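Single-letter residue listing:
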Amino acid sequence: MAALTLRGVRELLKRVDFATVPRRHRHKKKWAATEPKFPAVRLALQYFDMTYSVQFGDLWPSIRVSLLSEQKYGALVNNFAAWDHVNAKLEQLSAKDFVNKAISHWELQSEGGESAAPSPASWACSPNLRCFTFARGDVSRFPPARPGSLGVMDYYLMDAASLLPVLALGLQPGDIVLDLCAAPGGKTLALLQTGCCRNLAANDLSTSRVARLQKILHSYVPQEIRDKNRVRVTSWDGRKWGELEGDTYDRVLVDVPCTTDRHSLHEEENNIFKRSRKKERQILPVLQMQLLAAGLLATKPGGHVVYSTCSLSHLQNEYVVQGAIELLANQYSIQVQVEDLTHFRRLFMDTFCFFSSCQVGELVIPNLMANFGPMYFCKMRRLT
């Protein structure tokens, strides 16, 4: 009987002409309750077209198509693994260590008198970093990282341009270091790879992101390194760090929350261009300036800070740097000097595409032949 009834219902449904159902009784899809009428990725592209076409002019179409294309990655070698074996494995893939290749080339030029530029010692790149990339135009992918013979992962896949702020920080052995906005953890891991951190404070306000950071540290860093108080992970409001631990650190990395331009064009999840996050997006430069000011206050006089974003926006880049420097001068009588990083442009021009018109700092722009970035970074020295 039940089967007969079910069959009857199916026959009835086939015969019903839903067009004859009165309009007031028809089901209407509620966009707000299901999916956004304008996806965040589309809103992001519209915003970028409007602002970056003005900021970059004729360069914007090539940057745009590169941002919308598949990103290139680099493989950061884990020095806590059997790194010589990892190097050999990556070389078999026809990848090259772009860091040491560039530095070796620079040293050869300097010895041969071909370059009047400063020697590597004078611009103090952070040492011991090895990151492999494929050549320009080569879109090969690295296989996923796996645990090696020493129980930690062999390498970490990241946008190779993300290594530039860490290189620019110029760590020296025995430095006390702060990574103010540390999660998800790629730059924190790179800082540890230098072998220079006497102590490293890794902070992020988001507890969920801190959990991701902890997971990376457990996967890549031996327990004895983590347990010797060399790495301290916290989840505090970074804007208050100047009050909490002022004049404390030799080197500070301030890799701030930003519009994460590439992510915003590809992922709906956690997209800052969602309509519900409009106010958050509008006040980003204020938050960024507060974080940079806190990082500078946490630095010892004579210490260095690198500010970085993965955004193309000069409102989040140069303007934030200039605003924070003015803020410290006016409110705290602290003088900050921007360090010249134009040598980075020459040093890594074979791997990355740089924007030549930054007012302060350096900007890696996406390019189809070298599809890394965007990555902005600016190095500062606290003078007083």
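These figures come from a predicted structure and were not determined experimentally. (Residues numbered from 1 in each chain as written. Predicted model: local features only at pLDDT ≥ 70, side-chain atom pairs only at ≥ 80, totals over all residues. Heavy atoms only, no water.)

Student: Explain the UniProt feature "binding site: S-adenosyl-L-methionine" (unreviewed entry) in the protein to me, using residue names and the numbers behind them.
Tutor: The positions that UniProt labels "binding site: S-adenosyl-L-methionine" (unreviewed entry) are, in the present scheme, Cys-181, Ala-182, Ala-183, Pro-184, Gly-185, Gly-186, Lys-187, Asp-204, Asp-237 and Asp-255. Setting aside residues up to four positions removed in sequence, Cys-181 forms contacts with Asn-203, Asp-204, Leu-253, Asp-255, Val-256, Pro-257 and Leu-291. By secondary structure assignment, the location of Ala-182 is in the loop between β5 (175-179) and α9 (186-193). Taking relative accessible area as the criterion, Ala-182 reaches 5% and is therefore assigned buried. Leaving out residues up to four positions away in the same chain, Ala-182 has contacts with Thr-188, Ala-202, Asn-203, Asp-204 and Leu-213. (UniProt positions renumbered as here; feature names shortened; annotations may be inferred. Contact = heavy atoms within 4.5 Å. Helix = DSSP H or I, 4+ residues; strand = E, 2+ residues; numbered from the N terminus. Buried < 20%, exposed > 50% of the residue type's maximum accessible area, 1.4 Å probe, protein only.)

Student: Could you give me a rundown of the confidence of the model for the protein, with the residues and numbers involved?
Tutor: Residue-level pLDDT values for the protein average 90, and 87% of them are 70 or greater. Here residues 15-21 is a poorly scored stretch, pLDDT under 50, and it has three contacts once near neighbours within four places are set aside; other chains count. (pLDDT = per-residue confidence, 0-100.)

Student: Hey, could you go over the environment of Tyr-376 for me, with residue numbers and the actual values?
Tutor: Considering the arrangement of structural elements, one finds Tyr-376 in strand β12 (residues 375-382). The class of Tyr-376 is buried, set by a relative accessible area of 0%. C-alpha separation for the pair Tyr-376 and Cys-358, spaced 18 residues apart in sequence, amounts to 9.5 Å. Excluding anything up to four places from it in sequence, Tyr-376 contacts Tyr-307, Ser-308, Thr-309, Ser-311, Asn-317, Glu-318, Val-321, Cys-358, Val-360, Gly-361, Glu-362 and Leu-363.

Student: Give me the nonpolar core: which residues, what numbers.
Tutor: Within the largest apolar cluster, 65 residues are counted, with the highest numbers of intra-cluster contacts made by Phe-348 and Phe-352. Not counting the four nearest positions on each side in its chain, Phe-352 is found in contact with Phe-98, Arg-136, Ala-160, Ala-161, Leu-164, Val-364 and Phe-372. Of all hydrophobic cores here, the second largest spans 49 residues; its members include Val-321, Ala-324, Cys-353 and Met-380. (Core = buried A, V, L, I, M, F, W, Y, C linked by side-chain atoms within 4.5 Å.)

Student: Help me get a handle on the side chain of Ser-311, residues and values and all.
Tutor: Checked against the element boundaries, Ser-311 lands in the loop between β9 (299-309) and α16 (318-332). Given a relative accessible area of 0%, Ser-311 falls into the buried group. There is a polar contact of 3.3 Å between the side chain of Ser-311 and the side chain of Gln-316. Excluding anything up to four places from it in sequence, Ser-311 contacts Tyr-52, Cys-258, Thr-259, Asp-261, Gln-316, Asn-317, Leu-363, Pro-374 and Tyr-376. (Polar contact = N/O pair within 3.5 Å; in protein donor to acceptor, adjacent residues only side chain to side chain.)

Student: Provide a residue-level description of the sheet that holds strand β3 (residues 131-133), including the pertinent values.
Tutor: Taken in spatial order, the four strands make up an open sheet running β2-β3-β1-β4, and their pairing is antiparallel. The sheet is open, and its two borders are formed by β2 (96-97) and β4 (155-158), each paired with just one other strand. Sheet analysis places β2 next to β3, joined by two bridges and oriented antiparallel. Its bridge partner being in β3, Lys-96 is matched across the sheet by Thr-133. (Pairing = 2+ DSSP bridges.)

Student: I'd like to hear about the environment of Leu-363, residue by residue, with values.
Tutor: Here Leu-363 is to be found in strand β11 (residues 362-364). Note on Leu-363: relative accessible area 2%, which makes it buried. Sequence separation of Leu-363 and His-314 is 49 residues, and the distance between their C-alpha atoms is 9.8 Å. With near-sequence residues (within four places) excluded, Leu-363 lies in contact with Phe-56, Ser-311, Leu-312, Asn-317, Cys-353, Phe-354, Phe-355, Cys-358, Met-375 and Tyr-376.

Student: So, the pairing of strand β6 (residues 197-203): which residues are in play, and what are the values?
Tutor: For β6, the buried fraction is high: five of the seven residues fall into the buried class. Both β5 and β6 contribute to a ladder of five bridges, which runs parallel. Residue pairing across strands places Ile-176 opposite Asn-199, the latter belonging to β6. Regarding topology, α9 serves as the crossover connection from β5 to the parallel β6, and that connection is right-handed. (Right-handed = clockwise from strand over helix to strand, strands pointing away.)

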